[in-house]
Every structure is written in C-alpha cells, then in structure tokens.
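Chain and residue survey
Each chain, written out:
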Amino acid sequence: MREIGHFIGGKHVPGTSGRAGDVMKPMTGEVQARVALASRSEVRQAVENARAAQPGWAATNPQRRARVMMRFLDLVHAEYDALAELLALEHGKTIPDARGDIQRGLEVVEFAIGIPHLMKGEFTDGAGPGIDVYSMRQPLGVVAGITPFNFPAMIPMWKFAPAIACGNAFILKPSERDPGVPMRLAELLVEAGLPAGILNVVNGDKEAVDALLDDPDIRAIGFVGSTPIAEYIYARGAAAGKRVQCFGGAKNHMIVMPDADMEQAVDALIGAGYGSAGERCMAVSVAVPVGEATADRLLEKLVPRVEGLKIGPSTDPEADFGPLVTREAVERVRGYVDLGVEEGADLLVDGRGFSMQGYENGFYMGGCLFDRVRPDMRIYKEEIFGPVLSVVRARDYEEALRLPSEHEYGNGVAIFTRDGDAARDFAAKVNVGMVGINVPIPVPISYYTFGGWKRSGFGDLNQHGPDSIRFYTKTKTVTSRWPSGVKEGAEFVIPTMR
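Here the residue numbering is sequential within each chain, running from 1 through the sequence in written order. Local features in a predicted model are, by the rule used here, given only for residues with pLDDT of at least 70; side-chain atom pairs are given and counted only at 80 or more, and totals for whole chains, interfaces and linings are based on all residues. In computing side-chain properties, one takes all heavy atoms of the structure into account and sets aside hydrogens as well as water.

The name given to the protein chain in an unreviewed UniProt entry is methylmalonate-semialdehyde dehydrogenase (CoA acylating), with Propylenella binzhouense as the source organism.

Here it is as structure tokens:
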C-alpha cells in the first residue's frame, strides 16, 4: 500500500507524528493509500525550510521565475494522462472531468508566466521640483494555501502559481482525501527548476491547519472549502495579523426565462447540476423557471434526462459522473434528500437506491430531482454538494432575480434567455459575484478574478487574475530627490509637490 508523507525541502519526507489517514478509492470503497497527518512541529519544519529558501527566490528576476513556470507547464502536459488517472482514482470524478480539473489549473500557471509584466510598478517623472515618485511590488515572504478535495489539481495551482511567480515561498496543505496529485505537482515544479523549499507540501488535518494559521512567519493564507471553515480560518488568520482570502459554500441558481432555448437550458442543467456528482462549488443546484408554463416545459424535458444519467466508475469513458468522494459524503447527501421529502418537496427522480453492479462497495448515488422547492426549506438554504437539483418556480422575473440576490450565498448565478435587455438587467442587478448569461458555470478565464460574494467569500481580494498578484505582493512607494534639487535649511511642514 502506498504511504504518502510530506514534501519538504525538495524531497519526500515520511510523517513523524504517528498519525495517518486513509486515502480511499471511491469507485470500489477500498483503502488505496495511507497519508501522514502532520504535527505542529512538522508544519514548522516546512515553514523554516521555506523561510530559508525564499530570499534567494525573491532575488531571482521575474523572467527567470517565469521560465520555471514554462518548464512546469511542459512537464505537466507530458504527464497529463497519468495525472488525470491518479486524480480520478483518488477523487472519484471521471477521467475527462479530471483532465478539465488539471487544465483549469494550468491556465492560471499560463497567466503567472506573465509575471514580469504583472509585477511592474508605476513611475512619475517630475512629480515635484526635482522629485520623482515610483512604486514597486515585492513578495510577502512565506505564504500558504489550504485546498479542498473536489479540485485537487486546479485549486492548488490557482494558489501556488501566482504566489511563487511573485517571489514568495509557498506551503500547501491539500485535502488529505486525495493528496496524490498535489504531491506530484510539487515534484514536477522542482524538476522544472524551482529551488528546494519554495514549494513545500504538508498533509494533515485541523492540527496542521491551526499550525499554519498561528505561525508568525506565514504572512498570507488562502482557503477554499465550506463556509463554516472559511469563517474560522478568516477570523483566526486575520486575528494573527495575516492577509487572508477564504472562499466558502454556494447555492448557485440558474434562471430559465420563458423565451429560453429549452434544449440548451436542459443540457446546461444536466452538465452543471450533475457533473462531478455535484461536488463543485460552482455546480448549479437550483433551477428557477419563470412561470408555471416554463416550469412544466422544462421538467417535461429534464425528468427523462435525469432518469437516464449514466453513473459509473471513474475509468468508464461513457459515464456522466462517478462516485462521491467518501461514504460519509453519500450518507450526508442521502440525508438531505430524506429531509427534502419530509419538508414537502416533490421528489421527481430518486437516486438514493442506486447501486453499481460490480462496485457495490463504491460510493455511488444516482441523480435526484426535486420540484416545488420553497425558499424556506433547508434543501434550498443549505449546500448539499451532491447530485441533487432543486426546482424553485418563480412567478415572474422580479421573483427570479430576488431569489439568488437574497440567498446567503453569492458564488455564481446564470440566466438563460434570448432577451438581451433582460440579461443585461439581470447581470447589473443580481447580488452575486459571478454571472453567466447562457453559460451555466460562469468560472472566469484565468486573467479575470474568481470570487463569490456574501457568505461565499471572505476577504478583499479574489483568486487568480490581477487580484492574485495584489494578494501575494505588497506595494512600496519611493519618493526621491537628488542633491541638486535640495533646498538648504530644515522644513517643518508636511512635504508637498509644489
């Protein structure tokens, strides 16, 4: 059985805490590896290693740092298939979905290759008599990221690529449920020329998280996961004086207007609602048809599509989605479906009894579809994180706009319509951080920023795009005047540029 330790100082090191966790194989329910769970002293070892390596990396010019990222891209592309297979076997998502996970991470690496331009400051010649003013961006030092199980390639790369390109050293604490790909990415970065210690990976649970939050040498920390943990990390990290960005849960709505292309809308709901077994923070979990007639037309086409979803092992190229990540995840999602029935919603498609022949011990669940869900129900209010779609019927456009705007989460939202005026009005008014117009999963491209509003995001700056450079750097502003322009005598008023 594989034993997974940590990656510190450019090499694998075994765990020394005496604690370890199981890495499951979701499609069979078997244990496939054991992962070490770091102690505070092991986290501190990684931080000290990073602290020693970071000044030399910061002194490396941005163009040379970009070349390391270029070589890393080539190495990941050479191992694409092997990485996707490893990711699918540990997470449970299908191999095509795993490839998408890797690709969306690599797009942020591509963005980070532009670091020589992205870190440029500003310059004003002659701001005052003989005075020039300029600014420069400098790395923070040692920073850290705590990343979730559902995107074990994408989100680590979203975090460490811009941070490292800016000249920081990075401590990654990936999910202990599927740590294999993050460990391999660290190996490939060293192979690409990254100095040892600039990316350290510590596997662990809450003890490792708290050690990162409390360590005085870590200047910034980023997190993606559930809202309760995002709030905890944000509060504890900020109290320790760190720069913190945390992204939490979601309840993403998709508005279906009466004039929408219904075939396109159904395709969107099937892919965005059930892809990756619904284990995406950008999954559509609420469909909002506007008007009873629209709802009836939508469900007429949607019900048979949900009933016909093909569920299979991660290696099945024809599967629409695979197993959930753990048995506990399956039980939690089933519990929400039970709750929805108790609350009075109409369960049109029930996937609770699904069993995969030949994989009876795997963590599978069929697609579920609720109709006539009300905003006061828990299945509407709370994030389910599974293959469950709720239909909330809206009387009119104003109610459809109000539902996502008033929900406590504000990650993503979409509207499907042929009416450009309605789409423009919706995009301007909806109280949600990312909006799709006839696009069900509005994850921005890498040179824009990703981030939700309300209880989906904590902190002032978002992930990737320009915000990532701002987050991982500090600005220094210099005002200079040379002797030929210096006046004689002391000045007792605040300097001006007159």
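1. Notes on the packing of aromatic side chains
In this analysis, rings of Phe, Tyr and Trp, with Trp reduced to its six-membered ring, are considered paired at centre separations within 6.5 Å, and the interplanar angle assigns stacked below 30 degrees, edge-to-face beyond 60, and tilted for intermediate values. With the rule as written, the count across this model stands at 10 aromatic pairs. Each ring, one from F149 and one from F385, has its centre 6.0 Å from the other, and the planes form 85°; the classification is edge-to-face. Of the two residues, F149 sits in the loop between strand 8 (142-146) and helix 6 (154-165) while F385 sits in the loop between helix 13 (378-381) and strand 17 (388-391), which places them 236 residues apart along the sequence. Across the pair, exposure class does not vary: F149 and F385 are buried alike. A centroid spacing of 5.9 Å and a plane angle of 45° characterise the contact between Y447 and Y448, whose relative ring orientation is tilted. Like Y447, the residue Y448 is exposed in the burial classification. Among the aromatic residues, ring-to-ring pairing joins F72, F160 and F170 into one connected group. In this structure, K93 is placed above the aromatic ring of F151, and the distance from its NZ or CZ to the ring centre is 4.1 Å. Strands here are runs of E lasting at least two residues and helices are runs of H or I lasting at least four, both read from the DSSP assignment and numbered beginning at the N terminus. Any residue under 20% of the maximum accessible area for its type is buried, any over 50% is exposed, and the rest in between are partly exposed; the area is computed with a 1.4 Å probe on protein chains only. Note on criteria: charge over ring means Lys NZ or Arg CZ within 6 Å of the ring centre, with the direction from the centre no more than 35 degrees off the ring normal.

2. Examining the packing of helix 3 (residues 80-91) against helix 4 (residues 95-112)
Angles shown run from 0 to 180 degrees and are taken between the N-to-C directions of axes, each axis being a line fitted to C-alpha atoms and, for helices, limited to the stretch in contact. It is the contact of helix 3 with helix 4, at a shortest axis distance of 8 Å, that shows an interaxial angle of 115°. The interaxial crossing formed by helix 3 with helix 4 has right-handed handedness. On helix 4, the residues touching Y80, D81, L83, A84, E85, L87 and A88 of helix 3 are I95, A98, R99, D101, I102, Q103 and L106. Split into classes, the residues belonging to the contact of helix 3 with helix 4 amount to 9 nonpolar, 1 polar and 4 charged. Here is the rule for handedness: rotate from the far helix to the near one, and if that takes an anticlockwise turn smaller than a right angle the crossing is left-handed, while a clockwise turn gives right-handed. Here, two residues are considered to be in contact whenever any of their heavy atoms come within 4.5 Å of each other. Amino acids are sorted into nonpolar (Ala, Val, Leu, Ile, Met, Phe, Trp, Tyr, Cys and Pro), charged (Asp, Glu, Lys and Arg) and polar (every other residue, Gly among them).

3. Topic: the sheet that holds strand 4 (residues 20-25)
Only when DSSP finds a minimum of two bridges between them are two strands counted as paired. Read across the open sheet, the 3 strands follow the order 1-5-4; overall the sheet is mixed. Each edge of the open sheet is held by one strand with a lone partner, namely strand 1 (2-4) and strand 4. Looking at each pair of strands side by side, their axes are set apart by 30° on average, direction ignored. Sheet analysis places strand 1 next to strand 5 (residues 30-36), joined by 3 bridges and oriented parallel. Bridging from a neighbouring strand, I4 pairs with V35 of strand 5. With respect to the sheet, helix 3 is in contact with strand 1, strand 4 and strand 5, its orientation differing from that of strand 4 by roughly 105°.

4. Points about the sheet that holds strand 7 (residues 131-139)
Pairing in this open sheet of 3 strands is antiparallel, and the strands run 6-7-23 from one edge to the other. Strand pairing shows two members of the sheet lacking a second neighbour, strand 6 (123-128) and strand 23 (473-481), which therefore form its edges. The sheet shows a mean angle of 30° between the axes of neighbouring strands, taken without regard to direction. Sheet topology places strand 7 next to strand 23; 9 bridges connect them, and they run antiparallel. Following the sheet pairing, R137 is matched in strand 23 by T475.

5. Comments concerning the pattern of salt bridges
Note on definitions: salt bridges are taken to be side-chain nitrogens of Lys or Arg within 4 Å of carboxyl oxygens of Asp or Glu. Scanning the model with the defined rule gives 37 salt bridges in all. Here E48 ties to R44 by a salt bridge, and the two come within 3.3 Å at their closest N and O atoms. Taken together, the residues E48 and R44, both in helix 1 (residues 40-58) and 4 residues apart, mark about one turn of the helix. Accessibility expressed as a relative area gives 25% for R44, which makes it partly exposed. With a closest N to O distance of 2.8 Å, D267 and R305 form a salt bridge.

6. Notes on helix 2 (residues 62-78)
Here a helix's expected span is defined as the number of its residues, less one, multiplied by 1.5 Å. Given a rise of 1.5 Å per residue, 17 residues ought to cover 24 Å, and the 25 Å separating the end C-alpha atoms of helix 2 matches this to within 8%. Along helix 2, the residues classified as buried are R65, A66, V68, M69, F72, L73 and V76. Buried residues in helix 2, looked at end-on, bunch into an arc of 150°, giving them a common side. What points out from helix 2, more than 90 degrees from its buried face, is the exposed set D74 and A78. Looking at the packing, one finds that the buried side of helix 2 touches helix 1, helix 3, helix 4, helix 5 (115-118), helix 6 and helix 7 (180-191). Under the rule applied, a polar contact is a pair of N or O atoms within 3.5 Å (in protein, one hydrogen donor and one hydrogen acceptor; residues adjacent in sequence only if both atoms are side-chain atoms). Taking the backbone nitrogen of Q63 as reference, a side-chain oxygen 3.1 Å away marks N61 as the first, capping residue of helix 2. Think of it as the arc spanned by the lines of direction from the helix axis to the C-beta atoms.

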